[in-house]
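Residue-level listing of the chains:
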Amino acid sequence: MYILGISCFFHDAAAALLCDGRLVAAVEEERFTRKKHDPEFPSNAIRHVLAAAGIESGDLDYVVFFEKPFRKFERILLTALGTYPRGSGLFRSAMTTWLTDKLWVSALIAERVGVPRDKIFFSEHHLSHAASAFFCSPFEDAALMTVDGVGEWATATTGYGKGTELQLTREVRFPHSIGLLYSTFTAFLGFEVNEGEYKVMGMAPYGRPRYVDEVRKLVRMAGDGGFHLDLDYFTFQRSTSLPYGKRFVKLFGPPRPIDAPFFTEASGYPSYFGPRPADFIEQARRNQHYADIAASIQLVTEELVVNMAQALQRETGLTRLCLAGGVALNSVANWRILREAGFTELYVQPAAGDAGGAVGAALYLYHALLGKPRSFVMDHGFWGPSYREDEIRAFLDSEGIAYERLDDDALFERAAESLAAGEVIGWFHGAAEWGPRALGHRSILADPRRAEMKDIVNTKIKYREPYRPFAPSVLASAVPQFFDAPGVERQYPGRFMLLVVPIEPSRREAIPAVTHVDGTGRLQVVAREGNERYAELIDRFGKKTGVPVLLNTSFNLRGEPIVNTPREAYETFRRSQLDALVLERYLVRRDGRERR
Ligand SMILES: [Fe+2]
């Protein structure tokens, strides 16, 4: 039985295909269209997942959309009408965008996918989130928690899963939303909403949470795990442009200019920003204020989700927790939940945001509605396109690119050697990652022992703000040696780079390029099983250096989606200053030292 799951029209459109309840392929549309977070109907992603299974749309038994468009429209309409006339802008934009194609999702799917309308089903937004975590987890029973901006009406839900059954028993409804609260601060701090949330999280450790009392004025926590926003501070419920109002600005001061360079005295002024400005101290002080605000909203967000998870644990008595929704990508909060909420095991799948709804919607139909038994665990994150060696060779030859084909032993040896010598490598192999993190299949890799590597990687390719940490990929066996996070190597979110944990204090100097200012790291636990070649490379690097850890960042230029094809990988290599590019077993070097 083939089931296609689709999520789209908000952000991160994606498609996923199940064959008899097992995931065959899943991919975000942005990887094909090259538009980051592309929300449009995922025609390319659908084409890919069908091809990956070797089927055509006529072979599909069901197609499931990840949410209920009519219910969502109802929420938007009622919200807009409820705030009329102040919300007239929202009303107009809701009417135009929703009446054009969003409301006609069923007809659209039938036409674009080529399936009859009676094969098309609609899940619910948070059910899709919850199913994406629970039915991908190895747990027979678990507590479930979903937290995001907003779905149809719900913004956070809790419940439980048992076997093929899934129940959401409580929900918090729009406009009360942790995701929208965090996004409001994201916008206030000068970043793009749905994109800049990571920057707020990365900025937080540079600040002190001096404004928690002010943030707590905006949101009240309830004893049952729920919460309530004071709407007087917000405008997102009636405006599609600015999410905060005058009272918010009165509390926190003027917003940070959009995309202004961020640095503090602690971060210093990175060389790739250009010459240090004469008023560095003054600018750093201004930025410090915003870092303190970031620290405050991050801390309150952690408190809110920990409180919700604690209440859920008390209520259900369960020991395992599955987490989903955009807020489940807050890897700092995830670690606190794991430590403080009373659960012993946590599962988050790599595409925890809306893209994951495609997988969740399909699994929800298969298990919860059709009652089919479970036989699938998402224990790795590689569900996207892959390329055969002959395809890569054909591309390299057609472009006249000089390369060397190496056997595995020579490849790992040469790559480990060049990393240990301080080179930065584009590493491309196997199926692409599902979700926003690169997990060693479409990654840029470097030596974490060199403090200067942060600046080097930024200068060569990333041009990121200095406060955004690079992640350490660590062999599972070496995790206890480097991290002060007992048992983290056994937690699935660790495999998917979804936990930020303290680095063992005595080892921080050993891996300075992946140690954040507060002594933490967003680690990726690399197990051989499911990530064989990447594990082998880290192992070789460890044997040479005594440090089985690599700096891993996603293979893309700033502002672009992660590379998808060998051609995009090569183009990114060409446009940046990476020292070498590995495409499966083909090595391309910038200095032309290939032996053809
Ligand atoms: Fe969502």
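Refer to the preceding data block for the structure.
Note that the structure is a prediction, hence the values are computed from the model and not measured.

S.K.: Sorry if this is basic, but what is going on with the coordination of the iron ion here?
M.R.: Under perfect tetrahedral coordination by four donors, a metal shows angles of 109.5 degrees; under perfect octahedral coordination by six donors, it shows angles of 90 or 180 degrees. His 125 (NE2), His 129 (NE2), Asp 148 (OD) and Asp 354 (OD) make up the full set of protein donors to the iron ion, lying at 2.1 to 2.2 Å. Counting the intervening residues between successive donors of the iron ion yields the motif H-x3-H-x18-D-x205-D. With His 129 in helix 6 (residues 125–134) and Asp 354 in the loop between strand 12 (345–347) and helix 13 (357–369), the pair connects residues that are 225 residues apart, well separated along the chain. Taking relative accessible area as the criterion, His 129 reaches 1% and is therefore assigned buried.

S.K.: Is there a simple way to think about the pairing of strand 6 (residues 141–147) in this case?
M.R.: In regular strands, side chains alternate between the two faces of the sheet. The buried fraction of strand 6 amounts to six of the seven residues, a majority that puts the element mostly inside the structure. Of the pairings in the sheet, the one linking strand 6 to strand 7 (residues 154–162) comprises seven bridges and is antiparallel in character. Bridge assignment links Leu 144 to a residue of strand 7, and that residue is Gly 159. Here strand 6 folds back onto strand 7 in antiparallel fashion, the turn holding six residues.

S.K.: Which parts of the structure should I look at to understand the pattern of salt bridges?
M.R.: Charged atoms that come close allow side chains of opposite charge to pair. One pass over the structure, following the stated rule, counts 41 salt bridges. Note that Arg 210 and Asp 292 form a salt bridge whose closest N and O atoms lie 2.9 Å from each other. Separated by 82 residues along the polypeptide, Arg 210 in the loop between helix 8 (197–203) and helix 9 (212–218) and Asp 292 in helix 11 (residues 280–316) bring together distant segments of the chain. Among the charged side chains, a salt-bridge network with shared partners connects Asp 409, Glu 413, Arg 528, Glu 532, Glu 536, Asp 539, Arg 540, Lys 543 and Lys 544.

S.K.: Whenever I open this one, the packing of helix 15 (residues 408–420) against helix 19 (residues 532–545) confuses me. Can you help?
M.R.: Helix-helix packing is characterised by the crossing angle of the two axes and by the distance between the axes. For the pair helix 15 and helix 19, interaxial distance at closest approach is 9 Å and the crossing angle is 55°. Regarding the angle of helix 15 to helix 19, the classification is oblique. Considering only the axes of helix 15 and helix 19, their crossing is right-handed. Along the contact surface, helix 15 presents Asp 408, Asp 409, Leu 411, Phe 412, Glu 413, Ala 415, Ala 416, Glu 417, Leu 419 and Ala 420, while helix 19 presents Arg 533, Glu 536, Leu 537, Arg 540, Phe 541, Lys 544 and Thr 545. Broken down by class, the residue content of the contact of helix 15 with helix 19 amounts to eight nonpolar, one polar and eight charged.

S.K.: Would you mind going over the sheet that holds strand 16 (residues 471–475) with me for this structure?
M.R.: The strands making up a sheet associate through backbone hydrogen bonding, with each pair oriented either parallel or antiparallel. Strand order in the open sheet made by the nine strands is 13-21-20-14-15-19-16-18-17, with mixed pairing throughout. A strand with exactly one partner marks an edge of an open sheet, and here the two such strands are strand 13 (404–405) and strand 17 (499–502). Direction of pairing for strand 15 (residues 442–446) relative to strand 19 (residues 549–554): antiparallel, over a ladder of four bridges. Each bridged residue has a counterpart across the sheet, and for Leu 445 the counterpart in strand 19 is Asn 552. Along the sheet face, helix 12 (residues 331–340) touches strand 17 and strand 18 (520–526) and points at about 70° away from the line of strand 17. Relative to the sheet, helix 19 contacts strand 14 (425–428), strand 15, strand 16, strand 18 and strand 19, its axis offset from that of strand 19 by approximately 135°.

S.K.: Mind showing me how you'd approach helix 11 here?
M.R.: With 37 residues, helix 11 ought to run about 54 Å at 1.5 Å a step, and its terminal C-alpha atoms sit 53 Å apart, in line with that. Positive phi shows up at Gly 317, right after helix 11, with a value of about 70°.

S.K.: In this structure, what is going on with helix 2 (residues 43–53)? I would like to understand it.
M.R.: Note on helix geometry: an α-helix contains 3.6 residues per turn, so any two residues three or four positions apart are oriented the same way. Within helix 2, the full set of buried residues consists of Ala 45, Ile 46, His 48, Val 49 and Leu 50. As for helix 2, its buried residues are in contact with strand 1 (2–7), strand 2 (14–19), strand 3 (22–28), helix 1 (30–33) and helix 5 (105–114). Gly 54 occupies a position one or two residues after helix 2 and carries a positive phi of about 70°.

S.K.: I would appreciate a short explanation of unusual backbone geometry in the present structure.
M.R.: Cis rather than trans, the peptide bond between Phe 174 and Pro 175 has omega equal to 5°. Looking at where Pro 175 falls in the secondary structure, it is placed in the loop between strand 8 (165–173) and helix 7 (178–188). Even without a glycine there, the phi angle at Phe 9 is positive, about 75°. Tracing the backbone through its elements, the reader meets Phe 9 in the loop between strand 1 and strand 2. Judged by relative accessible area, Phe 9 falls into the buried class, the value being 11%. Positive phi, normally seen in glycine, also occurs at Asn 194, with a value near 75°. With respect to the helices, strands and loops of the structure, Asn 194 is situated in the loop between helix 7 and helix 8. The class of Asn 194 is partly exposed, set by a relative accessible area of 32%.

S.K.: Explanation requested: the packing of helix 6 against helix 13 in the structure shown.
M.R.: Where helix 6 contacts helix 13, the two axes come as close as 7 Å, and the packing angle between them is 85°. One finds that helix 6 runs roughly perpendicular with respect to helix 13. Of helix 13, the residues touching helix 6 (which contributes Leu 127, Ser 128, Ala 131 and Ser 132) are Gly 357, Gly 360, Ala 361, Leu 363 and Tyr 364. Of the residues in the contact of helix 6 with helix 13, the class split is five nonpolar, four polar and no charged.

S.K.: Explain the nonpolar core to me, please; I cannot follow it from the model alone.
M.R.: Within soluble globular proteins, side chains that are nonpolar generally end up buried alongside one another. Ranked by internal contacts, the top residues of the largest apolar core, which has 198 residues, are Leu 4, Ile 6, Ile 109, Met 145, Leu 321 and Trp 427. Here the element with the most residues in this core is helix 11; it accounts for 13 residues.

S.K.: What is the right way to read the side chain of Thr 235 from this model?
M.R.: Secondary-structure assignment places Thr 235 in the loop between strand 10 (227–229) and helix 10 (246–252). On the accessibility criterion, Thr 235 (11% relative accessible area) is buried. Of note is the side chain of Thr 235, whose polar atom sits 2.5 Å from the backbone oxygen of Leu 242. Here Tyr 244 takes part through its backbone nitrogen, which lies 3.1 Å from a polar atom of the side chain of Thr 235. If near-sequence neighbours (up to four positions away) are discounted, Thr 235 is found in contact with Leu 242, Pro 243, Tyr 244 and Gly 245.

S.K.: Can you walk me through the pairing of strand 7 in this structure?
M.R.: In terms of residue burial, strand 7 counts as a mostly covered element, since seven of its nine residues are buried. Direction of pairing for strand 7 relative to strand 8: antiparallel, over a ladder of eight bridges. Counterpart to Thr 158 in the pairing with strand 8 is Arg 170. Linking two consecutive strands that pair antiparallel, namely strand 7 and strand 8, is a turn of two residues; a positive phi of about 60° is found at Gly 163 within it.

S.K.: Please explain the sheet that holds strand 4 (residues 62–65) as it appears in this structure.
M.R.: Taken in spatial order, the five strands line up as 3-2-1-4-5 in an open sheet, and their pairing is mixed. Since the sheet does not close on itself, it has two edges, and those belong to strand 3 and strand 5 (120–122), each with one partner. Between one strand axis and the next, the sheet turns by 20° as a mean value, whatever way the strands run. Along the sheet, helix 2 contacts strand 1, strand 2 and strand 3; its crossing angle with strand 3, the most-contacted strand, is approximately 150°. Contacting strand 1, strand 4 and strand 5, helix 5 runs over the sheet at an angle of about 140° to strand 5.

S.K.: I'm lost on the state of the cysteines in this one. Help?
M.R.: What we call a disulfide is simply a covalent bond connecting the sulfur atoms of a pair of cysteines. The final tally for this structure, using the stated rule, is zero disulfides. Sulfur of Cys 136: no disulfide; nearest cysteine sulfur belongs to Cys 322 and is 9.3 Å away. Taking the relative accessible area as the measure of exposure, Cys 136 reaches 0% and is therefore buried.

What counts, and at which threshold
Residues numbered from 1 in each chain as written. Predicted model: local features only at pLDDT ≥ 70, side-chain atom pairs only at ≥ 80, totals over all residues. Heavy atoms only, no water. Donors = N, O, S within 2.8 Å, 3.2 Å for Na, K, Ca; no water. Helix = DSSP H or I, 4+ residues; strand = E, 2+ residues; numbered from the N terminus. Buried < 20%, exposed > 50% of the residue type's maximum accessible area, 1.4 Å probe, protein only. Pairing = 2+ DSSP bridges. Salt bridge = Lys/Arg side-chain N within 4 Å of Asp/Glu carboxyl O. Axes fitted to C-alpha atoms, helices over the stretch in contact; angles between N-to-C directions. Parallel < 35°, antiparallel > 145°, perpendicular 65-115°, else oblique. Left-handed = near helix turned anticlockwise from the far one by under 90°. Contact = heavy atoms within 4.5 Å. Nonpolar A, V, L, I, M, F, W, Y, C, P; charged D, E, K, R; others polar. Expected span 1.5 Å × (residues − 1). Core = buried A, V, L, I, M, F, W, Y, C linked by side-chain atoms within 4.5 Å. Polar contact = N/O pair within 3.5 Å; in protein donor to acceptor, adjacent residues only side chain to side chain. Disulfide = S-S within 2.5 Å.

In short, geometric facts, not functional conclusions.
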